[in-house]
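Each chain, written out:
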Amino acid sequence: MTDRTMECIVRVAETRSIARAAQSLYITPSALSRLIQNQERELGVRLFDRAGKSFLPTQAGEAYVRWGKQMLHMQASMEEELRRISRGNEGKIRLGFPMVLSSVVTEEIIPVFRKQYPHVELVLAESATASLERQLEEYQLDFAIITAERFLDSMVYEPLLEEQIVLAVPAGHPLLEKGQKREGMDYPYIDIREFGDETFIVLYPDQSLRRYSEKVFKTYDISPYVPIQVHTVDTSLRCVKNGLGVTITYDRPVLGEHYRGKIVPVCFEEHTGRWPMCLVRHRDHELTRSMEALRRVCEEVLQKR
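Bear in mind the structure is a predicted one, so any value in this text is a computation, not a measurement.

Cut-off values and rules
Residues numbered from 1 in each chain as written. Predicted model: local features only at pLDDT ≥ 70, side-chain atom pairs only at ≥ 80, totals over all residues. Heavy atoms only, no water. Helix = DSSP H or I, 4+ residues; strand = E, 2+ residues; numbered from the N terminus. Rg over C-alpha atoms; globule rule 2.2 N^0.38 Å. Buried < 20%, exposed > 50% of the residue type's maximum accessible area, 1.4 Å probe, protein only. Contact = heavy atoms within 4.5 Å. Areas by Shrake-Rupley, 256 points an atom, 1.4 Å probe, with all protein chains shown as cover. Core = buried A, V, L, I, M, F, W, Y, C linked by side-chain atoms within 4.5 Å. Expected span 1.5 Å × (residues − 1). Salt bridge = Lys/Arg side-chain N within 4 Å of Asp/Glu carboxyl O. Axes fitted to C-alpha atoms, helices over the stretch in contact; angles between N-to-C directions. Parallel < 35°, antiparallel > 145°, perpendicular 65-115°, else oblique. Nonpolar A, V, L, I, M, F, W, Y, C, P; charged D, E, K, R; others polar. Arc of directions from axis to C-beta. Polar contact = N/O pair within 3.5 Å; in protein donor to acceptor, adjacent residues only side chain to side chain. Lys, Arg positive; Asp, Glu negative; His and termini not counted.

Enquirer: Please clarify how the overall build of the protein chain should be interpreted in this entry.
Expert: Each helix and strand in the protein chain was counted, giving 10 helices and 11 strands. Radius of gyration (C-alpha) of the protein chain: 32 Å, far over the 19 Å computed for a compact globule of 305 residues. Dimensions of the protein chain along its principal axes, counting C-alpha atoms only, are 105 × 35 × 30 Å. Out of the 305 residues in the protein chain, the part that is buried amounts to 47%. For the protein chain, contacts bridging at least 24 residues in sequence account for 72% of all contacts bridging at least 6. Roughly 16400 Å² of accessible area belongs to the protein chain as shown, and the carbon and sulfur atoms make up 49% of that amount.

Below you can see the structure in the form of structure tokens.
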């Protein structure tokens, strides 16, 4: 049963006439008669009683027409919604981001986007990088903002800005007095080995910053005390802010208003690590106009920071 067949039978029931229905459908009466006969044969019921030139729906015909009208209406509604989605006027976008970007996303990115697309539903997911990557792989997110240490073949990465890897140290820490200015470094330099006896806050083992931290410990032959493991960069910085230790992290969150003046970023290696912050999507994921607009807003907002 096709939509066209259903439309034709509904039209015959409405006009009670093969000739008038055929004229409005732009087909011949004989073709319309054959279509009805074929549909009756397929369904095994009679849809119309013939009374002279009139075609009167049987009980089965009335049921067919009632359901047919509903199905045609649903089909038209679905096609219109799909057209609106394709134009970017409606639909849903699922955006993932780390907790440290919560204020940026909710206060700067989303308000700008919603002025452009007020009817697009937004689903926001705050999580750690490893979790965001898994959600992208499983098509649970359309986009995620991720600071990328690695690049997966299944993903498309669009660089937004670059983040520097630093050691976050509580303001007033005595070792900060050893900070040196060095050419090419944005922050004071202190050899990581100076912090060998300090308490370190680290992320969970499946996260990129944790892997990087362990590489640093091994490279510089230090075995710091690690009493606290956390899920997100934001939590690690809260720990540092409250004097619970130091942590290897990205520089931009440290410079945010929540930590400015309370945490000091320090360069700790001869060659400072830099990772790109990217807007990431699955390679198989097609972009609607609204998704493309959100991508542009993210890019414009984050590159100004």
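Structure's up, so let's keep going.
Enquirer: Before we go on, may I ask you to explain the environment of A21 in this structure?
Expert: Following the sequence through the fold, A21 ends up in helix α2 (residues 18-25). Accessibility expressed as a relative area gives 0% for A21, which makes it buried. Through-space distance from the C-alpha of A21 to that of C8 is 7.4 Å; in sequence the pair is 13 residues apart. Here A21 is in contact with R11, V12, T15 and L32, once residues within four sequence places are set aside.

Enquirer: Explain the nonpolar core here, please?
Expert: Within soluble globular proteins, side chains that are nonpolar generally end up buried alongside one another. One finds I165, L167, I192, F195, F200, I248 and F268 to be the most contacted residues of the largest nonpolar core, which totals 31 residues. Breaking this core down by element, the ones donating at least two residues are β6 (155-170), β7 (199-203), α7 (208-219), α8 (233-241), β9 (247-250) and β10 (263-266).

Enquirer: Whenever I open this one, helix α3 (residues 29-43) confuses me. Can you help?
Expert: One turn of an α-helix holds 3.6 residues; hence residues three or four places apart share an orientation. Across its 15 residues, α3 extends 21 Å between first and last C-alpha, which sits within 8% of the 21 Å expected from 1.5 Å per residue. One or two residues past the end of α3 sits G44, with phi positive at roughly 75°.

Enquirer: Even after reading the chapter, I still don't get the pattern of salt bridges, so can you show me in this structure?
Expert: Between side chains of opposite charge, pairing is possible as soon as their charged atoms come close. All told, the structure shown has 18 salt bridges when counted by the stated rule. Here E7 ties to R11 by a salt bridge, and the two come within 3.9 Å at their closest N and O atoms. Of this pair, E7 and R11 both sit in helix α1 (residues 3-15), 4 residues apart, roughly one helical turn. Through salt bridges with shared partners, one network takes in E158, R281, E292, R295, R296 and E299.

Enquirer: Is there a simple way to explain the packing of α1 against α3 in this structure?
Expert: Axes are the key here: two packed helices are described by the angle between their axes and the distance separating the axes. Axis separation between α1 and α3 bottoms out at 10 Å; the angle between their running directions is 105°. Of the possible angle classes, the one that applies to α1 and α3 is roughly perpendicular. On α3, the residues that touch T5, C8, I9 and V12 of α1 are L32, L35, I36 and Q39. Per-class residue counts for the contact of α1 with α3 are 6 nonpolar, 2 polar and no charged.

Enquirer: Can you walk me through α2 in this structure?
Expert: If you check which residues of α2 are buried, you get I18, A21, A22 and L25. One side of α2 carries all its buried residues, which in axial view fall inside an arc of 100°. Elements that come into contact with the buried residues of α2 comprise α1, α3 and β2 (54-57). Two or three places before A19, at the start of α2, stands the capping residue S17, its side-chain oxygen 3.3 Å from that residue's backbone nitrogen. Of the residues flanking the end of α2, it is Y26, one or two places downstream, whose phi is positive at about 60°.

Enquirer: When you look at unusual backbone geometry in this model, what are you seeing that I'm missing?
Expert: Apart from glycine, the bulk of residues carry a negative phi angle, and the bulk of peptide bonds sit in the trans form. Unlike most non-glycine residues, R16 shows phi in positive territory, near 60°. Looking at the element boundaries, R16 is found in the loop between α1 and α2. R16 gets classed as partly exposed once you look at its relative accessible area, which sits at 38%. With a phi angle near 55°, D221 is a residue other than glycine that sits in the positive phi range. On the secondary structure map, D221 appears in the loop between α7 and β8 (225-230).

Enquirer: Which parts of the structure should I look at to understand the side chain of E163?
Expert: Assignment of secondary structure puts E163 in strand β6. It is R252 that comes nearest to the buried, bridge-free E163 among opposite-charge side chains, at 4.8 Å. A polar atom in the side chain of E163 sits 2.5 Å from the side chain of T147. Those residues in contact with E163 that lie beyond four places of it in its chain are T147, Y250, D251, R252, P253, G273, R274, W275 and M277.

Honestly, that's just the spatial picture; any functional story needs more than this.
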